[in-house]
Amino acid sequence: MTTLAWHDLLGTPWRLHGVDPSGMDCSTVAEEVLRRMGRTPPATSPFRLPQSAGEEGEMGSYLQLLDGGFDRIGDTVADATQAGDLVLANDSSGIARHLYVLVEPDRRTFLTASHDSGVIAVRGFVIREVSGVYRMKEA
């Protein structure tokens, strides 16, 4: 089994809709991990798409409705079992806005990006207020 390369992403600054080493947000971190897995992900954030309303709380339904996008596979962090699985979590106001991508299933390590720290790795047990767990559909 090939080990997924992700450590070089750690510490990348947070930048809304950023897609390169100068900055990334949680959505673009997820997309980059999926690309490194050999997948071609659709945009994981409705806010970057033309014509998107980008309304608060639409992210969960957006992930499911993408043509060739993602399937909802569960409601708890434990439902994320494969590298590339996405966990959508609510912020303090209850709006689904935080996206985590599983990079080490055996160690339950997820990547995300935060305003304060940029790209960080966290263990699954720290993820709270899960709104849904998603897996990219097979090509």
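Residues numbered from 1 in each chain as written. Predicted model: local features only at pLDDT ≥ 70, side-chain atom pairs only at ≥ 80, totals over all residues. Heavy atoms only, no water.

Once that is clear, we can look at the pattern of salt bridges. Under the counting rule described, the total for this entry stands at 8 salt bridges. Here Arg36 makes a salt bridge to Asp8, at a shortest N to O gap of 2.6 Å. One end of the pair, Arg36, is in helix H1 (residues 26-36); the other, Asp8, is in the segment before strand E1 (19-20), with 28 residues separating them in the sequence. A single network of salt bridges, built from pairs that share partners, joins Asp8, Glu32, Arg35 and Arg36. (Salt bridge = Lys/Arg side-chain N within 4 Å of Asp/Glu carboxyl O. Helix = DSSP H or I, 4+ residues; strand = E, 2+ residues; numbered from the N terminus.)

Attention now goes to the side chain of Glu32. Checked against the element boundaries, Glu32 lands in helix H1. Beyond its immediate chain neighbours, meaning those up to four positions away, Glu32 contacts Leu9 and Met24. (Contact = heavy atoms within 4.5 Å.)

Backbone geometry at Arg108 places phi at a positive 60°, although glycine is not the residue there. A relative accessible area of 26% means that Arg108 is categorised as partly exposed. (Buried < 20%, exposed > 50% of the residue type's maximum accessible area, 1.4 Å probe, protein only.)

This part is about the confidence of the model for the chain. Low pLDDT means the predicted atomic positions in that stretch should not be read closely. When pLDDT is averaged across the chain, the result is 81; 76% of the residues are at 70 or more. The least confident element of the chain is helix H2 (residues 59-65), whose mean pLDDT is 55; the most confident is strand E7 (residues 118-123), at 96. Scored below 50 in pLDDT, residues 49-58 shows 12 contacts in the model against residues more than four places distant or in partner chains. (pLDDT = per-residue confidence, 0-100.)

What follows is about the nonpolar core. Note on soluble globular proteins: their nonpolar side chains tend to be buried together. Val29, Val33, Leu86, Val101, Val103 and Leu111 are the most contacted members of the largest nonpolar core, which totals 20 residues. Sorting elements by how many residues they give to this core places H1 first, with 5 residues. Apart from residues no more than four positions distant in its own chain, Val29 is found in contact with Met24, Val101, Leu111, Ala113 and Val119. Core analysis: the second largest hydrophobic core is formed by 10 residues, Ala89, Leu102, Ile127 and Val133 among them. (Core = buried A, V, L, I, M, F, W, Y, C linked by side-chain atoms within 4.5 Å.)

So, on to H1. Among the 11 residues of H1, 9 are classified as buried, and the element is accordingly described as predominantly covered. Every buried residue belonging to H1 is among Cys26, Ser27, Thr28, Val29, Ala30, Glu31, Glu32, Val33 and Leu34, and all of these are buried. For H1, the N-terminal capping position is held by Asp25, with its side-chain oxygen 3.1 Å away from the main-chain nitrogen of Ser27. Of the residues trailing H1, Gly38 is marked for its positive phi of about 90°. (Polar contact = N/O pair within 3.5 Å; in protein donor to acceptor, adjacent residues only side chain to side chain.)

The buried fraction of strand E4 (residues 86-90) is high, at 5 of 5 residues. Every second residue of E4 is oriented toward a common face, with Leu86, Leu88 and Asn90 on one face and Val87 and Ala89 on the other, all of them buried. Two elements, E4 and strand E8 (residues 130-136), share 4 bridges in a ladder whose sense is antiparallel. Looking at E8, one finds that Leu86 is bridged to Tyr134. (Pairing = 2+ DSSP bridges.)

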